[in-house]
Amino acid sequence: MVNKEVGGLAEMVRGRVVKRHEPAPGHVELWIHSPVLAKAIPGQFVHVATGGMLRRPISFSRLDHSAGTAAILFQIVGDGTRWLASVQEGVELDLMGPLGRGFAMPDPRHPWCLVGGGVGIPPLLAAATAWTPFLNEPPTVVLGARESALLLLEEEFRALGAAVEVTTDDGSQGQRGTVVGPLAHWLAKHPTGQVYACGPTPMLGAVARASQGQSNVWLALEQRMGCGVGACLACVVLANGQNGPVYRRVCTDGPVFAAEELIFE
Amino acid sequence: MVNKEVGGLAEMVRGRVVKRHEPAPGHVELWIHSPVLAKAIPGQFVHVATGGMLRRPISFSRLDHSAGTAAILFQIVGDGTRWLASVQEGVELDLMGPLGRGFAMPDPRHPWCLVGGGVGIPPLLAAATAWTPFLNEPPTVVLGARESALLLLEEEFRALGAAVEVTTDDGSQGQRGTVVGPLAHWLAKHPTGQVYACGPTPMLGAVARASQGQSNVWLALEQRMGCGVGACLACVVLANGQNGPVYRRVCTDGPVFAAEELIFE
Amino acid sequence: MNLEVQLPRGLRLQNPIIAASGTFGFGPEYASFVDIGALGAVSVKGVSPEPWPGNPPPRVWETPLGLLNSIGLQNHGVEVFCHQDLPFLRDTGTKVIVNIIGHTVEEYQRVAERLNAEKGVDALEVNISCPNIKEGGMSFGQEPDQAFAVVQAVRRVTDLPMMVKLSPNVTYPTVIAQAVEAAGADMISAINTVMGLAIDVKRRRPALGGITGGLSGPAVKPVALRIVYEVAQAVDIPIIGMGGINSALDVVEFLMAGAQAVMVGTVTFQYPNRMQEIIEALPAVLRSLQLNSLSETVGLALPGRVPLPPASEDAYE
Amino acid sequence: MNLEVQLPRGLRLQNPIIAASGTFGFGPEYASFVDIGALGAVSVKGVSPEPWPGNPPPRVWETPLGLLNSIGLQNHGVEVFCHQDLPFLRDTGTKVIVNIIGHTVEEYQRVAERLNAEKGVDALEVNISCPNIKEGGMSFGQEPDQAFAVVQAVRRVTDLPMMVKLSPNVTYPTVIAQAVEAAGADMISAINTVMGLAIDVKRRRPALGGITGGLSGPAVKPVALRIVYEVAQAVDIPIIGMGGINSALDVVEFLMAGAQAVMVGTVTFQYPNRMQEIIEALPAVLRSLQLNSLSETVGLALPGRVPLPPASEDAYE
Ligand SMILES: Cc1cc2nc3c(=O)[nH]c(=O)nc-3n(C[C@H](O)[C@H](O)[C@H](O)COP(=O)(O)OP(=O)(O)OC[C@H]3O[C@@H](n4cnc5c(N)ncnc54)[C@H](O)[C@@H]3O)c2cc1C
Ligand SMILES: Cc1cc2nc3c(=O)[nH]c(=O)nc-3n(C[C@H](O)[C@H](O)[C@H](O)COP(=O)(O)OP(=O)(O)OC[C@H]3O[C@@H](n4cnc5c(N)ncnc54)[C@H](O)[C@@H]3O)c2cc1C
Ligand SMILES: Cc1cc2nc3c(=O)[nH]c(=O)nc-3n(C[C@H](O)[C@H](O)[C@H](O)COP(=O)(O)O)c2cc1C
Ligand SMILES: Cc1cc2nc3c(=O)[nH]c(=O)nc-3n(C[C@H](O)[C@H](O)[C@H](O)COP(=O)(O)O)c2cc1C
Ligand code: FES
Ligand code: FES
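Residues numbered from 1 in each chain as written. Chains lettered and ligands numbered in written order. Predicted model: local features only at pLDDT ≥ 70, side-chain atom pairs only at ≥ 80, totals over all residues. Heavy atoms only, no water.

Observations regarding unusual backbone geometry
Next, step 1: Cis peptide bonds are those with omega within 30 degrees of zero, and the linkage from G97 of chain B to P98 of chain B qualifies with -5°.
Next, step 2: Looking at the element boundaries, P98 of chain B is found in strand β7 (residues 92–99).
Next, step 3: The linkage connecting A190 of chain D with the following residue, I191 of chain D, adopts the cis geometry, with an omega of 15°.
Next, step 4: The residue I191 of chain D is located in the loop between β10 (187–190) and β11 (194–196) in this model.
Next, step 5: Although it is not a glycine, L233 of chain B adopts a positive phi angle of roughly 60°.
Next, step 6: Its location among the elements puts L233 of chain B in the loop between β13 (217–220) and β14 (236–241).
Next, step 7: The class for L233 of chain B is buried, based on a relative accessible area of 8%. (Helix = DSSP H or I, 4+ residues; strand = E, 2+ residues; numbered from the N terminus. Buried < 20%, exposed > 50% of the residue type's maximum accessible area, 1.4 Å probe, protein only.)

Quick look at the arrangement of the chains
Next, step 1: For the five pairs of chains in contact, the maximum contact count is reached by chains C and D.
Next, step 2: The smallest C-alpha distance separating chain A from chain B is 15 Å, and no contact links them. (Contact = heavy atoms within 4.5 Å.)

Observations concerning the site of ligand 4
All names here are of chain D.
Next, step 1: Near ligand 4 you find 22 residues, and of these S21, K165, G217, G244 and T266 are the closest.
Next, step 2: Between ligand 4 and G244, the relevant distance is 2.6 Å, taken from an oxygen atom to a main-chain nitrogen or oxygen of the residue.
Next, step 3: Computed on the free molecule, ligand 4 has an accessible area of 600 Å², of which 98% lies beneath the protein chains in the complex.
Next, step 4: For the shell around ligand 4, the class distribution of residues is five nonpolar, 15 polar and two charged. (Near = heavy atom within 4 Å. Polar contact = N/O pair within 3.5 Å; in protein donor to acceptor, adjacent residues only side chain to side chain. Areas by Shrake-Rupley, 256 points an atom, 1.4 Å probe, with all protein chains shown as cover. Nonpolar A, V, L, I, M, F, W, Y, C, P; charged D, E, K, R; others polar.)

Some words on the interface of chain C and chain D
Next, step 1: Every contact between the two is made by 49 residues of chain C and, on the other side, 49 residues of chain D.
Next, step 2: Together, the buried faces of chain C and chain D total about 4,300 Å²; carbon and sulfur atoms form 68% of this surface.
Next, step 3: Along the contact surface separating chain C from chain D lie eleven residue pairs in polar contact (both at pLDDT 80 or more).
Next, step 4: Every element with two or more residues in the side of chain C that touches chain D is listed here: β11 (194–196), β13 (205–206), α5 (221–234) and α6 (248–256) of chain C.
Next, step 5: Among the residues making up the side of chain C that touches chain D, the classes are represented as 32 nonpolar, seven polar and ten charged. (Buried area = accessible area lost by both parts, 1.4 Å probe.)

Brief notes about the relation of the copies chain C and chain D
Next, step 1: Mapping chain C onto chain D calls for a screw motion: a turn of 180° about the axis and a shift of 0.0 Å along it, with 0.0 Å RMSD after fitting. When the rotation and shift are considered jointly, the pair of chain copies conforms to a two-fold rotation axis.
Next, step 2: Comparing contact sets, 100% of the residues at the interface of chain C also lie at the interface in chain D, consistent with an isologous, same-surface contact. (Least-squares fit on C-alpha atoms with pLDDT ≥ 70 in both.)

Remember, this is a structural readout, not a statement about activity or role.
Okay, here's the thing in C-alpha cells:
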C-alpha cells in the first residue's frame, strides 16, 4: 500500500501570526492567517523561512477552513525554531505550502488509533479534528512524552471525545514507558484497526515492528530537508522498491508513508 | 617628523548611546556614555562591533571629559554603518578604544588650520573643541562637501569662533571646488602655519601636494582594518622608510601621520 | 537592457541566469513556484545511464552561510529522464542543459549518445566530479588526463553545445580547464561544490550519511570567484560562473571576474523566486554602476582591462 | 576538568586553545585586551630571515561569514623579532610557537637556525604556503616533494618541536601530510587560508591589492574539518586544527574530527576575548555532551571509533 493522498496546491505565502501560545516549556504554537494553508490536509507541512540557509519544515497542528487559519506547534531545538519562537503576534511569516502528502482519511468501518510522541503529536490533532465528525467513533489516542510537563495537546484530544492513553519516559504521568505498550495492546484487540503515528524515527520504527503484518499503519516521517518540493533529493528515507531498497523523498513521496513501505535499520 | 602622540590606554568598553542625531541625510551622530573613551585624544578612533566579521573604525567627533561622553559621527555606506545608524538611545555598544595615535596639539606660537572633507570633518571638531581654549586664536577651518546638504558641523566650528570657509563640489554652498583652493591660499599667507586634515584619501593627497615643503602638516588617514591594534598588518599605507618605501599601519602608527611621512600614488 | 547571451554552437540564452544542476530537480518540481520560462536556462540534476541510488541520509547540513550536501548523485537514469522529465521542460520554453554523469568514460558517452535521440536538449554539462570507479574512486575532475579523456570521449559522440563543470578541489584549476578546452569543451562551468565535513557533536560522528559533502552557498563565493577569475585568463572559451550567488550584485561580481553567464543554486531552496528577482534587478544594478550592457561588464576586473576608477572616487564620502 | 595537552618533544600546553599565526601579531599587540598567559600557546605572525614588505592595500575584505586577506606575509624579520618581540612573549608565561617562512629552502633553514640561539621559543610552525621563488612562485605546500624538501631541511637544523602548516589549496591534502610526516614533522597544523577573490564592483577590479587572498573565518570551517578528518586517518602525528573556530562547540567538532588542539584566528579581530571565553566554556560544553576529558573526545568521530549514539536519541524530542 502506498500513500496516494495528494495535498492542496502549494504556493509561496505570506501569513500573519494571529495568535501565539506556549503549551509547554520550550514549545510554541503559532496560529497563522492564511486561507491557502488552512486548506491543507492533516499530515502536510509548511516550509518556513527562519533566516538560515534552509527553510524549516513544520506540520500543521490545526487547520480551520472557516477562519482561514492554520497553526503550527513546535519545539525549540536550534536556531531556526528559536527565531520562530521569538515571533510575536502581528508578524508576517514567509512560508511555502502546503507541501507533501498528508494522511488519507480512515475507513469508517474500522476503528482508528492515533499514536504520537513529543512534537509528533500536533499533526495528529489536525487529523483527529478533521475526521472525527465524519467517522462513527472518536479515535483512541496514545500520547508519549519525556515527562508530564512536556505532554502536548491532551485536553484537545479529550475534548473531541477521544479515549486518551498517556505514557511518559519517567512515569510522571500515565503509564511509564513508550507508546508501543498501549499500541500493541490496542492492536491485539483491533486486528483491522487503522494506525496513524508521528514522532521520533526510533519510535516510528518501534510502531512499525509492533504492527507488522497489519496493512493500515501510516507513519509521518521527519528528515532533514533542502527544497521541500522534491527537487534536491535531500530528505530521503530507505523504502522497499520494486528491485530492492530505494531512497524515497519525505517531502513529496511522504511525509506520510505506509509502514510496510519503509525499511527501518 | 613623525607622530609621537600616544593616546589613552585602550580597553574593551560597553558604552550606552545617550543621544542620537541625524546631522545630514544619511549621516548619524551618536553620543556614547563612556568615561574611558571620553579621555581619548582627538584623531584617535573607536573600533565598533556591528555584527560583521570585522569591527568598524570611527573617529571621535566630540569628547567631553566632564560628562564622560564621546560622540561618533558617521555616514551610512554599507552594512556596518547601516546597522549602527539603526541603533537607538539606550542601546549598549560593544567597543574597543580609544585606539591609534591622535593629533599632537598645535604650537601656540603659530596659526593653525583645519581642513576637512565629508566625514573627515568630525575628528577636526573634536580637535578644535579641545584646543581652542588653550591657543591664542581660534583656527581657520576649511570644510568641503559634495553639496550643501551634506556639509557637516559648520555651526559648531563657528560657535568656537573659527573662521570657516566652505567649498562644495557643485557650488551649492561657499566656493565651488575642493578644499585645496582655500588651503593653498591660507598656506601662502601663513608659511609657518600648522595644518590638520582629514577626509578621503585623494583629498589628503592633494593637501600633501599643496603643502609640500611645509613641515607641520598632519593627515588623519583611513584604511580597511582588521584588528585595529597593530596585530594583523591589514591597514597599511605606503610611507617613507629609512631604506625606501615601507608599509605602515594606520591603526597604531597612525591614523595621524605627518604629510611628509607618506607616499601618495 | 538586452540581457541576451550568445554562447558557442548557437546556444542563445534570453538572460544570463541559469538554475544550477542539483538544486532545481529534473524540471517539474519547482513549477508551481517559479516561472521556468523566464529563466535563461535550467541545468537539470546529474543524469546517469542507469539509475543511481545516492548516499544514506542525512544528506544536507547547514554550516555558517553554507550548505553541505551529500546527495550522492541519486537519479532515475537517462531513460526515465527522457520520458518523464524532458517533455515537460521542452514545453516551458527555457533552454535545457542536461548535466551528465558516469562512473567510467563509457558511461558518460552512453548518456550523451542517448540524448542525441531527443528533441529539447539544448546543451550538455559534463559533471566531472563523479568518482571514477576504475581509478579507485578519485573524481575525474581532479586529474587533467582523466578530465581530458572524459571530455574527448563525450565530444566524439555529440554535436551539442558542451560545457564542462570544474571541481574546485584541485591544486591547479587552470590546468584542468586547459585540459578540457583542449579536449573540445565549448564552455566551462565553475564551480562545483567544495569538499567539506561537519561533525554532529551529539551523535559523535560526521553529520552527513556520506561522511564528507560538497559545500555550496554564500560561504564559497570567494573561492568560486577566484577560480572563475583565473580560468578566464587561462582559456579562450566562455565561462558560466557559480557559487554562492544570492543577488544581482553577486552576479555582477562573477561577470566582472570573467563569466558570461551564471548559475544560481543553493539560494533557490530558501527563495525559489530569487532567480526571477535577480533577472528583474540586473539592468538597474548594472546602470547604477554606469554599465550599459552585459557584454561590457564581462571580464572588466581582469588584468589589463581595468578602466580608470569611476570619477566618484574623488568625491567626499 | 584538566585541559592540558601533551604534544611531541615535551611540548605541553595548559589548554588546547592557541592564537593562530597572523591574527595575533608578534606578541605585544593584544596585551591590553587578552590575558596572554591564559592561552594554551601563541603562534606569532610568519617570520622570515630578512624583513618582507607585504602586499599593497587593501589587504582585507569581508565576504559572507568569511574574511579575505592578502597581507603578503609582511614582517620585520627574525632579528627584530628576537630582540623586540620574543622577550615580551617569554614573560607572559604562555608557550611560544614561531611561524617561519621563506622563499627558498635555505631561507627557511636560516630562520630556524637563528631561533636555536634564543630562549623562549617552544616550537616552530613551518608555514609552507609561501611562494617558492625558485619554482616560479607556486607555494611549497602545494607539491609533496617541495613540502618534503623544506621540512627535511628545517628538521636538520632544529630539535624544537616542529609543526607543519598545511595549505587547503591542493587536490590531495593527505599526500602532503604524509610527505611532511616522512620528512620529520612532529605535528601538523591545518588549515591555512583557502584561496579566494572578491570583486570591488564600484572600482571594477579585484577588491584586494594583492588580487587573490586567503579566506578564513566561519565560512571555511567545513573545509577545515574535512581536511583534519582525512589527515587524522593518514598520519600518526598529532594535528592542531583550525579554520573558522568561533565557539567551544566548534572546538569540539575539531577535536572529534581528530585534532589534539586548535588555533583560533579571525574571530579574535571582532572579539579579542573569545579565546579566553572558549577556554572557560570548554569543560561545561564537554560535560553537556557526556564527555569527561579532552583525550576521550579526540578522534571520536573518526571511522571505527563511533560509539553507540547517546541514549537520548531514543527519547521524544
Ligand atoms: C515533515 C516534517 C514535519 C515536522 N513537523 C514538526 C512539528 O510539527 N513540530 C516540531 O517541533 N518539529 C517538526 N519537525 C521538525 C522540525 O523541522 C525541526 O525541529 C526544525 O527544522 C529544527 O530547526 P532548528 O533550526 O531549530 O534546529 P537545527 O538543529 O539548528 O536545524 C539545523 C537543520 O537541521 C534540520 N533539522 C533539525 N532537526 C530536524 C528534524 N527533527 N527533522 C527534520 N529536519 C531537522 C533543520 O531543518 C535545519 O535544516 C518536522 C520535520 C519534518 C521533516
Ligand atoms: C581611523 C578611521 C576613522 C574613521 N572615521 C570615520 C568617521 O568619523 N566617520 C565615518 O563616517 N567614517 C569613518 N571612517 C570610515 C568608516 O570606518 C567606514 O565608513 C565604515 O567602516 C564602513 O563600514 P560599512 O560596513 O558601513 O561599509 P562596508 O563598505 O560594507 O564595509 C566593508 C568593510 O570595509 C571597511 N571600510 C569601508 N569603507 C571604509 C573606509 N572608508 N575606511 C576604512 N575602512 C572602510 C569596513 O570597515 C569593513 O571592514 C573611518 C575609518 C578609519 C580607518
Ligand atoms: C543539493 C545539491 C545538489 C547538487 N547536485 C549537483 C549535480 O547533480 N550536478 C552538478 O554538476 N552539480 C550539483 N550541485 C552543485 C551546484 O550545481 C553548484 O555547482 C553549487 O551548489 C554551487 O552553487 P551555489 O552556491 O549557488 O549552490 C549540487 C548542489 C547542491 C546544493
Ligand atoms: C590576517 C591574517 C593573517 C594571517 N597570517 C598568517 C601567517 O603569517 N602565517 C600563517 O601560517 N597563517 C596565517 N594566517 C592564517 C591563520 O593562521 C589561520 O590558518 C586561518 O586564518 C584559519 O583560521 P581562522 O578561520 O580561525 O582565522 C593568517 C590569517 C589571517 C586572517
Ligand atoms: S527536501 Fe528536496 S527533495 Fe525533499
Ligand atoms: S588593523 Fe590590524 S594592524 Fe592595523
